[in-house]
4 protein chains.
Amino acid sequence: MLKRFGVSIPDDLLNKLDRLADKKGYSNRSEVIRDLIRDRFVEKEWELGNKEVVGTVTLVYNHESHELADKLTDLQHHYHKDIISTTHIHLDEHNCLEVLVVRGKATKIKGIADLLISTKGVKHGKLVMTTTGKEIS
Amino acid sequence: MLKRFGVSIPDDLLNKLDRLADKKGYSNRSEVIRDLIRDRFVEKEWELGNKEVVGTVTLVYNHESHELADKLTDLQHHYHKDIISTTHIHLDEHNCLEVLVVRGKATKIKGIADLLISTKGVKHGKLVMTTTGKEIS
Amino acid sequence: MLKRFGVSIPDDLLNKLDRLADKKGYSNRSEVIRDLIRDRFVEKEWELGNKEVVGTVTLVYNHESHELADKLTDLQHHYHKDIISTTHIHLDEHNCLEVLVVRGKATKIKGIADLLISTKGVKHGKLVMTTTGKEIS
Amino acid sequence: MLKRFGVSIPDDLLNKLDRLADKKGYSNRSEVIRDLIRDRFVEKEWELGNKEVVGTVTLVYNHESHELADKLTDLQHHYHKDIISTTHIHLDEHNCLEVLVVRGKATKIKGIADLLISTKGVKHGKLVMTTTGKEIS
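What counts as what
- Residues numbered from 1 in each chain as written.
- Chains lettered and ligands numbered in written order.
- Predicted model: local features only at pLDDT ≥ 70, side-chain atom pairs only at ≥ 80, totals over all residues.
- Heavy atoms only, no water.
- Core = buried A, V, L, I, M, F, W, Y, C linked by side-chain atoms within 4.5 Å.
- Buried < 20%, exposed > 50% of the residue type's maximum accessible area, 1.4 Å probe, protein only.
- Contact = heavy atoms within 4.5 Å.
- Buried area = accessible area lost by both parts, 1.4 Å probe.
- Polar contact = N/O pair within 3.5 Å; in protein donor to acceptor, adjacent residues only side chain to side chain.
- Helix = DSSP H or I, 4+ residues; strand = E, 2+ residues; numbered from the N terminus.
- Nonpolar A, V, L, I, M, F, W, Y, C, P; charged D, E, K, R; others polar.
- Pairing = 2+ DSSP bridges.
- Axes fitted to C-alpha atoms, helices over the stretch in contact; angles between N-to-C directions.
- Patch = residues over 30% accessible without salt bridge, like charges linked within 9 Å, V, L, I, M, F, W, Y side chains within 5 Å.
- Areas by Shrake-Rupley, 256 points an atom, 1.4 Å probe, with all protein chains shown as cover.
- Salt bridge = Lys/Arg side-chain N within 4 Å of Asp/Glu carboxyl O.
- Lys, Arg positive; Asp, Glu negative; His and termini not counted.
- Charge placed at Lys NZ, Arg CZ, Asp CG, Glu CD.
- Least-squares fit on C-alpha atoms with pLDDT ≥ 70 in both.
- Expected span 1.5 Å × (residues − 1).
- Arc of directions from axis to C-beta.

For the rest of this paragraph, the subject is the nonpolar core. Nonpolar side chains tend to gather and get buried jointly when the protein is soluble and globular. Membership of the largest hydrophobic core comes to 32 residues, with the highest contact counts inside it found for Leu97 of chain A, Leu97 of chain B, Leu97 of chain C together with Leu97 of chain D. If we ignore the near neighbours within four places in the chain, the residues touching Leu97 of chain D are Val54, Thr56, Val101 and Thr130 of chain A together with Thr58, Leu59, Val60, Thr87, His88, Ile89 and Leu91 of chain D.

Dropping the structure here:
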């Protein structure tokens, strides 16, 4: 069931919010507000550290870099219980994109992401901290 | 629109068909017959050789095998235009499962699958020949 | 360590084996023989029924078919503990290819595959029975 | 070939940088600096709008939400030429995680991501803007 409540905010902030909602394709303000609230809860799950969270790690690298592919595979196998799956896209002859889905305690997942992203030769890497969805409706 | 037609077959063959349908969870004979016909068409697409087909290649291997992971990655990048994506599951500390989705002319796709599956050290490999779905309704 | 032993077979069978090996890109007979033996072991793991196996299920279907996508998603969520991941490729506006990686007892995995493949509207489906790799070297 | 140059920065900023590097598992300052520079270039590729970029979109949602799964599938098929693959993880009976790999012009990719993330019922969504790796060494 949806409940309704009023919100008071400065008009310039409201303008900004409307422009954002419009640009992002939201159909009304409630939708944007709900997403902001959900976002904050997802962050909280990660801050607590010992809650079960889910994340995705995106990596771009050259598979011909000295021993890089091996190092990344070894690291991933070491944490095989936390890594659900890895999708590998062969971008061209040299470049790879990998997206890992990882699940576990926030602090551990962050640690695995940091290890992978900071491996020498990785061109770009990002962790998306998301949620198992259990506590967000 | 569905059309209906009669089929005459020996009773023991019908018994076998019914047992198969039952075991596989089909709800009626028409469903089984339709699937058999579709299967035959998929095979035909592959036999023609120069039609565009889609397939999946499943590989199981030990990523610690001497240079095996490197060789498989190099092969895959060489054919990066035919391989849409590779999903990698870290089965345990040593063993990997990879499923590739490949799309292209049947003869080329078969060739890529054979190359990957016959690579020394691959424990098990299978090609599923399937269809883009365009000509099957 | 590799061991060596002799094999006696009729010459026409040997010819066939050599043609197969050649066509499939194997570099020598031992490689082919080893793969045949591994294949047989993988089949055995599946026959036993209660051993832990791994498989991939490939499905092609039209996502606009009446309630088909929903039915497949519901089925998959019901068995979410056995299905590790699903890769979905949008083949065109209408057709989808999905590859599931499934892990569990052979009889259960076969049952899940049969359910998915026999769902009305699935154009083509195949189960690849493979192995966790633990007992194959 | 690696080149070397000196950098002057306030000592408190250097301290912060060192703490960050340490926390993230980097082995030295050059590694961190290189990654910051690469990050900036990736952002630039996206700002230009008409360059070819690669991204991943992570979505968490309840597949039982009214028509949500259908809407997301329809949207994805509409953009099937830009979406390379979608990995779907069945988190539990109700919740799904999807990671899409998308490739195309930055403005279009951002638009697709916004559409998906702002769809009513999506619990959490994030776009990772990354790179084809071609112009980053």
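Here the narrative resumes, following the displayed structure.
Interface size is commonly expressed as the accessible surface area that is lost when the partners come together. Contacts between the two partners involve 22 residues from chain B and, on the opposite side, 22 residues from chain A. The three residues of chain B that bury the most area against chain A are His77, His80 and His90 of chain B, which together make up 37% of that side's buried surface. Summed over the shared surface of chain B and chain A, the number is 14 residue pairs in polar contact (both at pLDDT 80 or more). Those elements that place two or more of their residues in the side of chain B that touches chain A are helix 3 (68–78), strand 2 (83–90) and strand 3 (95–105) of chain B. With 8 residues, strand 2 of chain B is the largest single contributor of residues to the side of chain B that touches chain A. Along the lines of polarity and charge, the residues of the side of chain B that touches chain A split into 5 nonpolar, 13 polar and 4 charged. In terms of strand pairing, strand 2 (residues 83–90) of chain A meets strand 2 of chain B through 3 bridges, oriented antiparallel. The residue of strand 2 of chain B that forms the bridge with His88 of chain A is Thr86 of chain B.

Taken together, the 8 strands give an open sheet; going across it, the order is 4(C)-1(C)-3(C)-2(C)-2(D)-3(D)-1(D)-4(D), and neighbouring strands pair in antiparallel fashion. Whereas interior strands pair on both sides, the edge strands pair on one side only; in this sheet they are strand 4 (122–130) of chain C together with strand 4 (122–130) of chain D. The average angle at which neighbouring strand axes cross in this sheet is 15°, direction not considered. In the packing of helix 3 (residues 68–78) of chain D onto the sheet, the strands contacted are strand 2 (83–90) and strand 3 (95–105) of chain C together with strand 1 (52–62), strand 2 (83–90), strand 3 (95–105) and strand 4 of chain D, and the crossing angle to strand 1 of chain D comes to about 170°.

With that settled, the discussion passes to a nonpolar patch on the surface. Residues and elements named next belong to chain A. On the surface, a nonpolar cluster with roughly 410 Å² of combined accessible area is contributed by Phe5, Val7, Ile9 and Leu13. Relative to the helices and strands, Phe5 resides in the segment before helix 1 (11–24). Relative accessible area serves as the criterion here: at 63%, Phe5 is assigned to the exposed category.

Turning our eyes to something else, we now look at a negative patch on the surface. Residues Glu67, Asp70 and Asp74 of chain A together with Glu64, Glu67 and Glu93 of chain B make up a contiguous surface patch of negative charge. When you line up the elements, Asp74 of chain A lands in helix 3 (residues 68–78).

Moving on to the relation of the copies chain A and chain D. The transform that puts chain A on chain D rotates by 180° and translates by 0.0 Å along the axis, for an RMSD of 0.0 Å. When the rotation and shift are considered jointly, the pair of chain copies conforms to a two-fold rotation axis. Interface residue correspondence from chain A to chain D reaches 100%, placing this contact among same-surface, isologous pairings.

Our focus in this paragraph is the relation of the copies chain B and chain A. Superposing chain B onto chain A requires a rotation of 180° together with a translation of 0.0 Å along the rotation axis, leaving an RMSD of 0.1 Å. A shared interface surface links the copies, since 100% of the contact residues of chain B are contact residues in chain A too.

Its 20 residues place the ends of helix 2 (residues 29–48) of chain C 29 Å apart at the C-alpha level, agreeing with the 28 Å of an ideal helix rising 1.5 Å per residue. Looking only at helix 2 of chain C, the buried set comprises Glu31, Val32, Asp35, Arg38, Val42, Glu45 and Trp46 of chain C. Down the axis of helix 2 of chain C, the buried set is contained in an arc of 135°. They therefore lie on one face. What points out from helix 2 of chain C, more than 90 degrees from its buried face, is the exposed set Glu47 and Leu48 of chain C. For helix 2 of chain C, the elements touching its buried residues are helix 4 (106–117) and strand 4 (122–130) of chain B together with helix 1 (11–24), strand 1 (52–62), helix 4 (106–117) and strand 4 of chain C. Just beyond helix 2 of chain C, the residue with positive phi is Gly49 of chain C, at close to 85°.

Right, let's get into the pairing of strand 2 of chain A. Residues and elements named next belong to chain A. The element strand 2 is largely enclosed, with a buried count of 8 among its 8 residues. Two strands pair when backbone bridges link them, and strand 2 and strand 3 (residues 95–105) are joined in this way by 7 bridges, in the antiparallel orientation. What sits directly across from Ile89, in strand 3, is Leu97. Where strand 2 hands over to strand 3, the hairpin turn is made up of 4 residues, counted between the paired strands.

Here the focus is the interface of chain A and chain D. Each partner contributes residues to the interface: chain A has 42 residues there, and chain D has 42 residues. Of the roughly 3,500 Å² buried between chain A and chain D on both sides combined, carbon and sulfur atoms contribute 57%. By the criterion of area lost to chain D, the three top residues of chain A are Leu91, Lys123 and His124 of chain A, representing 16% of everything that side buries. Seen at the junction of chain A and chain D, the total is 3 salt bridges. The salt bridge involving Asp114 of chain D is made with Lys24 of chain A; its shortest N-O contact spans 3.4 Å. There are 15 residue pairs in polar contact (both at pLDDT 80 or more) connecting chain A and chain D. Counting only elements with at least two residues in the side of chain A that touches chain D, the list comes to helix 1, helix 2 (29–48), strand 1 (52–62), strand 2, strand 3, helix 4 (106–117) and strand 4 (122–130) of chain A. Split into classes, the residues belonging to the side of chain A that touches chain D amount to 15 nonpolar, 13 polar and 14 charged.

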